[in-house]
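Take a look at the letters that make up each chain.
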Amino acid sequence: MFLHADIHKMLLLDILHQLTKGGFKDHLVDWVERYLIQTHGKSAAEKVLDKIDKRIAAVAPFAGLQCFPQGWHFKQWTGDNSEGLMKVYIAAIKGFVPRDVIHTHFACFSSFATSSIEI
């Protein structure tokens, strides 16, 4: 029926929604917040999240890195915000979550990353 359809082109990975938003924002960022609340309680978790925010805001301007002087609490996440945060977030949460989380997500995102997205 569809002799000229290429199933491989129809099933391509949607990097923005599946990897950037789904894997990073909806999974890692939200999970870290829930983990910190469950582990430390709400008020202590908020202090840790503030420390993470300060680490992200303190990233020095460098070619290929996006600056987030207000931290990572956006009202509306965009693909550019997410891709910029992917480059600094793993380093920002180091020491606040188990090492296995860092290693797992580093391996996951670096295996899908293009040369412009280094974690």
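For the structure itself, look to the data block above.
Residues numbered from 1 in each chain as written. Predicted model: local features only at pLDDT ≥ 70, side-chain atom pairs only at ≥ 80, totals over all residues. Heavy atoms only, no water.

J.: Where do I start with helix H3 (residues 42-57) in this structure?
T.: Because the α-helix completes a turn every 3.6 residues, residues three or four places apart line up on one side. With 16 residues, H3 should reach 22 Å at 1.5 Å per residue; the first-to-last C-alpha distance of 22 Å fits that figure. Those residues of H3 that sit buried are Ala-45, Val-48, Leu-49, Ile-52, Asp-53 and Ile-56. Projection of H3 onto a plane perpendicular to its axis shows the buried side chains occupying an angular sector of 150°, all on one side. Counted as exposed and oriented over 90 degrees from the buried face of H3: Ser-43, Lys-47 and Lys-54. (Helix = DSSP H or I, 4+ residues; strand = E, 2+ residues; numbered from the N terminus. Expected span 1.5 Å × (residues − 1). Buried < 20%, exposed > 50% of the residue type's maximum accessible area, 1.4 Å probe, protein only. Arc of directions from axis to C-beta.)

J.: Which parts of the structure should I look at to understand the packing of aromatic side chains?
T.: How two aromatic rings sit relative to each other is given by the distance of their centres and the angle of their planes. Across all of its chains, the model carries one aromatic pair by this definition. With a centroid separation of 5.0 Å and 15° between ring planes, the pair formed by Trp-31 and Tyr-35 is classed as stacked. Of this pair, Trp-31 and Tyr-35 both sit in helix H2 (residues 15-40), four residues apart, roughly one helical turn. Judged by its relative accessible area of 23%, Tyr-35 falls in the partly exposed class. (Phe/Tyr/Trp six-rings, centres within 6.5 Å; stacked < 30°, edge-to-face > 60°.)

J.: Help me understand a positive patch on the surface, please; the structure alone is not making it clear to me.
T.: Taken together, the side chains of Lys-47, Lys-51, Lys-54 and Arg-55 present a region of like positive charge at the surface. With respect to the helices, strands and loops of the structure, Lys-51 is situated in helix H3. (Patch = residues over 30% accessible without salt bridge, like charges linked within 9 Å, V, L, I, M, F, W, Y side chains within 5 Å. Areas by Shrake-Rupley, 256 points an atom, 1.4 Å probe, with all protein chains shown as cover. Salt bridge = Lys/Arg side-chain N within 4 Å of Asp/Glu carboxyl O. Lys, Arg positive; Asp, Glu negative; His and termini not counted. Charge placed at Lys NZ, Arg CZ, Asp CG, Glu CD.)

All quantities given are derived from atomic positions and should not be read as evidence of function.
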